[in-house]
Amino acid sequence: MQKSPLENSVSREGGAPPEESTPGLTLLVLSGDMEKGVAACNLALAALASGTRVTIFFTFWGLNLLKKPGARARGSFLARLMGVLNRDHSGRQRLGRMNMLGMGRIAMAKLMKSKGLPSFHESLLLAHQMGARIVACSTTLELMGFSRESLIPEVDDVAGAATFLDAARGATVVTLA
Amino acid sequence: MQKSPLENSVSREGGAPPEESTPGLTLLVLSGDMEKGVAACNLALAALASGTRVTIFFTFWGLNLLKKPGARARGSFLARLMGVLNRDHSGRQRLGRMNMLGMGRIAMAKLMKSKGLPSFHESLLLAHQMGARIVACSTTLELMGFSRESLIPEVDDVAGAATFLDAARGATVVTLA
Amino acid sequence: MQKSPLENSVSREGGAPPEESTPGLTLLVLSGDMEKGVAACNLALAALASGTRVTIFFTFWGLNLLKKPGARARGSFLARLMGVLNRDHSGRQRLGRMNMLGMGRIAMAKLMKSKGLPSFHESLLLAHQMGARIVACSTTLELMGFSRESLIPEVDDVAGAATFLDAARGATVVTLA
């Protein structure tokens, strides 16, 4: 359970389990689409800049955003088949709209770069450095046949719905579904 | 307006209309996709397990998740046409992504079963038994040409946006759109 | 920064920057789909009717819902290409599901009209008249190559993520992604 070195200095309280009492921003990312990931990171970065505690919980297709390039699903034939068909990862995501067999994705990535906007992956790394807690859904990981090692090292925790609810209590909750 | 017999014992307060004052979890399901329905139920079950009051409000395509199999739309030609084209129901939903003409849906359902995960419908029945309040959007019901009788019996209320907002006030709100 | 003349009389507090302290409803619209726009307006109108302060923040594809018909993107070839391919505007949106090359969109619009339900654009104008604050995401505007003048006049502010987070603090937040 790797922790960002900056987490304690950025969060408002240095003590243990503060999710239950401090207001913060909790993001639930259910989608693996590029625009949802980018939106989550933009909100996270704006919140972190003003000293707000941030938790980003990735579940279902959102887990794609945390996969290492080339990560392979294990387990049943079905899990492996889903893994082969679903090749997106932290460095490459389809657009939820106007993907156009990947051309829209490439165009959007170029457009963002030309405007000086960071990619999803760059934003996520920065948010993590600034103290965002990145959680991968344990149920999805098991369902999709991926191991903890197939995820990028910035993942702080692998946990279930109760962990999300703890982080959501009293916080601003934004769902990217 | 059928009520679950367990509702009062699960909720934190036994008194009348507690939505306005008690914290809880309020889910807004706008999508009829399987993954959104499953995510809503997983969150509901985790919250109910810790004694949190849960309301699940289904609107727009989300109403598909509450339809009985074979439910038919009435009214204008358009309403009936939409009903015929939109055949999903509480027991069968398309995947929002990788549906692949139904193959992805079947694969995901098999995968979930092989991992011992309940289907959307099984989870919803359990959540209702544990005290979740299930509300169907009255505006959508009218728009889509469905009657109260075309919905599964676990629906506790048919109500509008004001009811959702009452249940959302002070609660953790998660939107599955 | 045009303000609705009704805003002060509808909001609970007449004083300056009340977003930080008053409860309210804050909607984040990331999608340009008709059903998401309609849902946002329905929630806004129900909240406004009970005197709740409402902010609607449109970002990413949601910005389509604020574009004037015929608005053109400027800037790089890519931005202009995206603009040409993405022709939805405040008066015409695709359905997120069952769009069927535009037939589903037309059918849904007719169905809503036959039931006496207002269109997205009619609802948005009404919500604005009743005091809803309408904000367009500045980052998206820049990214997509649209100017402030290409948006409908009901847009009260063009602002970034920090403005959304301010409006979200302590409010009921509903994301339409």
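This report concerns the structure included in the present document. Quick caveat: nothing in here was measured; it's all calculated off a predicted structure. (Residues numbered from 1 in each chain as written. Chains lettered and ligands numbered in written order. Predicted model: local features only at pLDDT ≥ 70, side-chain atom pairs only at ≥ 80, totals over all residues. Heavy atoms only, no water.)

**Quick look at the relation of the copies chain B and chain A**
Here is step 1: Superposing chain B onto chain A takes a rotation of 120 degrees combined with a translation of 0.0 Å along the rotation axis, leaving an RMSD of 0.0 Å. The transformation just described matches what one would write down for a three-fold rotation axis.
Here is step 2: Looking at chain B, a mere 12% of its interface residues are interface residues in chain A too, so the copies touch through different faces. (Least-squares fit on C-alpha atoms with pLDDT ≥ 70 in both. Contact = heavy atoms within 4.5 Å.)

**Description of helix 2 (residues 34-49) of chain C**
Residue and element names in this part refer to chain C.
Here is step 1: Taking 1.5 Å as the rise per residue, helix 2 with 16 residues should run 22 Å; its terminal C-alpha atoms sit 22 Å apart, in good agreement.
Here is step 2: In terms of residue burial, helix 2 counts as a mostly covered element, since 13 of its 16 residues are buried.
Here is step 3: Positioned one or two residues after helix 2, G51 has a phi angle of 80 degrees, which is positive. (Helix = DSSP H or I, 4+ residues; strand = E, 2+ residues; numbered from the N terminus. Expected span 1.5 Å × (residues − 1). Buried < 20%, exposed > 50% of the residue type's maximum accessible area, 1.4 Å probe, protein only.)

**Examining the pairing of strand 1 (residues 24-29) of chain A**
Residue and element names in this part refer to chain A.
Here is step 1: Buried residues dominate strand 1, accounting for 6 of its 6 residues.
Here is step 2: Here strand 1 shows no split at all, with G24, T26 and L28 on one side and L25, L27 and V29 on the other all buried.
Here is step 3: Looking at chain direction, strand 1 and strand 2 (residues 53-58) are connected through 6 bridges and run parallel. What sits directly across from V29, in strand 2, is F58.
Here is step 4: Of the crossover connections in this fold, the one passing from strand 1 over helix 2 (residues 34-49) to the parallel strand 2 is right-handed. (Pairing = 2+ DSSP bridges. Right-handed = clockwise from strand over helix to strand, strands pointing away.)

**Focus on helix 4 (residues 103-114) of chain C**
For an α-helix, the turn length of 3.6 residues means that residues three or four places apart are oriented alike.
Here is step 1: Taking 1.5 Å of rise per residue, the 12 residues of helix 4 of chain C would be expected to cover 16 Å, and the 16 Å separating its terminal C-alpha atoms lies within 8% of that figure.
Here is step 2: Along helix 4 of chain C, the residues that are buried comprise G104, A107, M108, L111 and M112 of chain C. Across the axial projection of helix 4 of chain C, the buried residues extend over an arc of 130 degrees, all falling on one side. Exposed residues on helix 4 of chain C whose side chains face more than 90 degrees from its buried face are M103, K110, K113 and S114 of chain C.
Here is step 3: Each element contacted by the buried residues of helix 4 of chain C is listed here: helix 3 (77-85) and helix 6 (138-144) of chain B together with helix 2 of chain C.
Here is step 4: In the stretch just after helix 4 of chain C, G116 of chain C is the one whose phi turns positive, near 75 degrees. (Arc of directions from axis to C-beta.)

**Regarding the sheet that holds strand 2 (residues 53-58) of chain B**
All names here are of chain B.
Here is step 1: Within the open sheet, the 5 strands sit side by side as 4-3-2-1-5. Their pairing is parallel. The strands lining the two open edges of the sheet, one partner per strand, are strand 4 (157-159) and strand 5 (172-176). Here the strands of the sheet are splayed against their neighbours by 20 degrees on average, with no regard to which way each runs. (Axes fitted to C-alpha atoms, helices over the stretch in contact; angles between N-to-C directions.)

**Comments concerning the relation of the copies chain A and chain C**
Here is step 1: Its rotation angle being 120 degrees, the transformation that places chain A on chain C also includes 0.0 Å of axial translation and leaves an RMSD of 0.0 Å.
Here is step 2: Comparing interface residues between copies, only 12% of those in chain A also sit at the interface in chain C, which points to a heterologous contact through distinct surfaces.

**Description of the interface of chain A and chain C**
Here is step 1: The interface of chain A with chain C comprises 25 residues on the first partner and 28 residues on the second.
Here is step 2: Between chain A and chain C the total buried area reaches about 2,200 Å² when both faces are included, carbon and sulfur atoms providing 77% of it.
Here is step 3: Put simply, K115 of chain A and E142 of chain C hold a salt bridge, and the shortest N to O gap is 3.9 Å.
Here is step 4: Broken down by element, the side of chain A that touches chain C gets its largest block of residues, 7 residues, from helix 2 of chain A.
Here is step 5: By residue class, the composition of the side of chain A that touches chain C is 17 nonpolar, 3 polar and 5 charged. (Buried area = accessible area lost by both parts, 1.4 Å probe. Salt bridge = Lys/Arg side-chain N within 4 Å of Asp/Glu carboxyl O. Nonpolar A, V, L, I, M, F, W, Y, C, P; charged D, E, K, R; others polar.)

**Focus: the sheet that holds strand 1 of chain A**
Residue and element names in this part refer to chain A.
Here is step 1: Overall, parallel pairing links the 5 strands, which are arranged 4-3-2-1-5 in an open sheet. Strands at the two margins of the open sheet, each flanked by one partner only, are strand 4 (157-159) and strand 5 (172-176). Taken over all neighbouring pairs, the strand axes of this sheet differ in orientation by 20 degrees on average, direction set aside.
Here is step 2: Summarising the sheet, strand 3 (residues 133-137) and strand 4 pair through 3 bridges and their orientation is parallel. Within strand 4, the position partnered with A136 by the bridge is V158.
Here is step 3: Strands in contact with helix 7 (residues 161-168) are strand 1, strand 2, strand 3, strand 4 and strand 5; relative to strand 1, the strand with the most contacts, it is inclined by about 145 degrees.

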